[in-house]
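The residues making up each chain are set out below.
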Amino acid sequence: MKFLKMAASALVVAVMLAGVQTGAASAQACPSWNNSTVFGSTTLNAGFIPDPYVRNLTAGGRVSLSACTGGQYSGWVVTRPDFRLFYNGSSPTGRLTFALEARSNVDPVLLVNAPDGSWHFNDDYRNFNSAVVFTNPMAGQYDVWTGSYHQSSNNPAQLIITEYNY
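Definitions and cut-offs
- Residues numbered from 1 in each chain as written.
- Predicted model: local features only at pLDDT ≥ 70, side-chain atom pairs only at ≥ 80, totals over all residues.
- Heavy atoms only, no water.
- Helix = DSSP H or I, 4+ residues; strand = E, 2+ residues; numbered from the N terminus.
- Disulfide = S-S within 2.5 Å.
- Buried < 20%, exposed > 50% of the residue type's maximum accessible area, 1.4 Å probe, protein only.

Trainee: I tried to follow unusual backbone geometry on my own but got confused; where do I start?
Mentor: Glycine aside, negative phi is the norm for most residues, and most peptide bonds take the trans geometry. Of note, the amide linkage connecting Ile-49 to Pro-50 takes the cis form, showing an omega dihedral of 0 degrees. Mapped onto the elements of the fold, Pro-50 is located in the loop between strand S1 (41-45) and strand S2 (53-61). Each neighbour pair has its own omega, and for Asp-51 with Pro-52 the value is 20 degrees, a cis peptide bond. Secondary-structure assignment places Pro-52 in the loop between S1 and S2. Even without a glycine there, the phi angle at Asn-127 is positive, about 55 degrees. Within the element layout of this structure, Asn-127 appears in the loop between strand S8 (119-123) and strand S9 (130-135).

Trainee: How should I be thinking about the state of the cysteines in this particular structure?
Mentor: Think of a disulfide as a covalent bridge from one cysteine sulfur atom to another cysteine sulfur atom. This structure, assessed with the given rule, holds one disulfide. Two residues, Cys-30 and Cys-68, share a disulfide whose sulfurs are 2.1 Å apart. Note on the Cys-30 and Cys-68 pair: the S-S dihedral is about -95 degrees, so by sign convention the disulfide is left-handed. Highlighted residues: Cys-30 in the loop between helix H1 (2-28) and S1 and Cys-68 in helix H2 (residues 65-69), separated in sequence by 38 residues. With a relative accessible area of 16%, Cys-30 lands in the buried category. Look at Cys-68 and you get partly exposed, because its relative accessible area is 26%.

So this is what it looks like as C-alpha cells:
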C-alpha cells in the first residue's frame, strides 16, 4: 500500500512538472516586442510623404493569439514582430493608422504594440481587411504583427501606414 501511495505521489508530481513546463513553453511562444523583426523597420516623421507608406510582407503564423491572450484575441501570428515603426512628432491629422490588406484568400488580423506598451488588435475593419487607428498617436516604437484568422502562413499582404482616413 505504501508503494502505491509513493507511486501515485510521484505521478502527480510528474504531471504537475509537465504542466509547468508546457505553460512556460507556451508563454515563450507568444508575441514579444523584444525580438528582432521579420520584415524590417522604418522611421517616419509626422507629416511623412509619401503617405501612405506601404510595405509588402506576408501574414499568418503558427502562434495562437487566443492561447496567448486567454481568448481575448483570435488569429495566428509569429513570435517576432513582422514590422517595426519608429514614429516621430505629432500627427498633423491627429491620427495614425496601421492597415493590413490581404493579397490572397486569407482573413488577416492585425496586432500592434504601442510605445506605451499597450496592445491593440483588429479583425475585419473593412470587409476582411484589418486596421488599428490611433487618435493623437504618441511618438515612439510601434511593433506590428500581421496574422491570419485561420492558421496559415506566408500569405501575401500589404501593411499600410497612413495619417489620413483609411
